[in-house]
Amino acid sequence: MATSTYLSNPTVLIGAVDCSDQCSSATLTVGFDSLESTAFGDTGHKFTQGLQSVEVTLTLFASYGASEMEATLFAECGTGTTTLVISPSGTTESATNPEYTITNAMLATFTPINATVGELSTFEVTFTGGTWVRDIVSP
């Protein structure tokens, strides 16, 4: 059985802002809505592919300033037009490093202050909706 392993080092862009150096966790879930297409005479449920579904959850180190994470997230919150670009390891797309581009994602809420004594503050955010495209061709 063929296996491959890699040290996770994702590239994460929110809009035009490269957040890779501020991101400690990234989870991307893609798929499709299941639409029931069961008809009379069928002996079990049947489904067909519906609209794309996507969810991106990021843990970002809290940073404040004009081009830092808090400002970036504040600008995207509630717009429903956010573009995210995520790849598992670096910026060069390939079969072993697919790049996912999510367009028109929504960041409905975020917590701009999340502080505990003696710990690094983080923002945990979840983008939902939009459409996704998988790219394995290097530019």
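Coordinates for the structure precede this section.
Figured I'd write up the structure that's included with this text. Along each chain, numbering runs from 1 in the same order as the chain's sequence is written. Residue-level local features of this predicted model are given only where pLDDT is at least 70; pairs of side-chain atoms are given and counted only at 80 or more, and the full residue set underlies all totals for whole chains, interfaces and linings. Just so you know, side-chain values use all the structure's heavy atoms and leave hydrogens and water out.

### A few points about the state of the cysteines
Quick note on the threshold: To count as a disulfide, a pair of cysteine sulfur atoms needs to be within 2.5 Å. Between buried and exposed lies partly exposed: a residue is buried under 20% and exposed over 50% of the maximum accessible area for its type, with that area taken using a 1.4 Å probe on protein chains only.
One pass over the full model with this rule turns up 0 disulfides. Cysteine 19 forms no disulfide, and the closest cysteine sulfur to it belongs to cysteine 23, at a distance of 7.4 Å. According to the relative accessible area criterion, cysteine 23 is buried, its value standing at 18%.

### Quick notes on the pattern of salt bridges
Here is the rule we go by: For salt bridges, the criterion is a side-chain nitrogen of Lys or Arg within 4 Å of an Asp or Glu carboxyl oxygen.
If you walk through the whole model with that rule in mind, you get 1 salt bridge. Aspartate 42 is the partner of lysine 46 in a salt bridge, and the nearest nitrogen-oxygen pair spans 3.8 Å. Lysine 46 gets classed as partly exposed once you look at its relative accessible area, which sits at 42%. The exposure class of aspartate 42 is partly exposed, given its relative accessible area of 29%.

### Overview of the nonpolar core
To keep things clear, this is the line we draw: We call a set of buried residues a nonpolar core when its members are Ala, Val, Leu, Ile, Met, Phe, Trp, Tyr or Cys and they connect through side-chain atoms within 4.5 Å of each other. Each helix is a run of DSSP H or I of at least 4 residues and each strand a run of E of at least 2, with the numbering of both proceeding from the N terminus.
Leu58, Leu60, Leu73, Val125 and Phe127 are the most contacted members of the largest nonpolar core, which totals 21 residues. Among the secondary structure elements, those contributing two or more residues to this core are strand 1 (11-14), strand 4 (47-61), helix 1 (69-76), strand 5 (82-87), strand 6 (99-107) and strand 7 (122-128).

### Describing the environment of valine 54
You can see valine 54 is positioned in strand 4. For the pair valine 54 and glycine 130, spaced 76 residues apart in sequence, the C-alpha separation works out to 6.8 Å.

### Observations concerning the pairing of strand 1
Applicable threshold: Note on pairing: two strands pair once DSSP finds at least 2 bridges between them.
In this sheet, strand 5 lies alongside strand 1 in antiparallel orientation, the contact comprising 4 bridges. Within strand 5, the residue paired with isoleucine 14 across the bridge is leucine 84. Pairing geometry for strand 1 and strand 2 (residues 17-18), over 2 bridges, is antiparallel. Counterpart to leucine 13 in the pairing with strand 2 is aspartate 18. The hairpin formed by strand 1 and strand 2 contains 2 residues between the paired strands, and glycine 15 there has a positive phi angle of roughly 60°.

### Here's the deal with the side chain of threonine 82
Rules: Contacts were defined at the residue level, with two residues in contact if any of their heavy atoms lie within 4.5 Å.
For threonine 82, the location among the structural elements is in strand 5. Its relative accessible area of 1% is what places threonine 82 among the buried residues. Sequence-distant contacts of threonine 82, that is, excluding residues within four places in its chain, are made with Ile14, Glu76, Ile102, Thr103, Asn104, Ala105 and Phe127.

### Notes on helix 1
As a reminder of what qualifies: As used here, the arc belongs to the directions running from the helix axis to the C-beta atoms.
Within helix 1 the residues assigned to the buried category are Met69, Thr72, Leu73 and Glu76. All buried residues of helix 1 fall inside an arc of 90° around its axis, so they share one side. Projecting away from the buried face of helix 1 at angles above 90 degrees are the exposed residues Phe74 and Ala75. Those residues of helix 1 that are buried lie in contact with strand 1, strand 2, strand 4, strand 5, strand 6 and strand 7.

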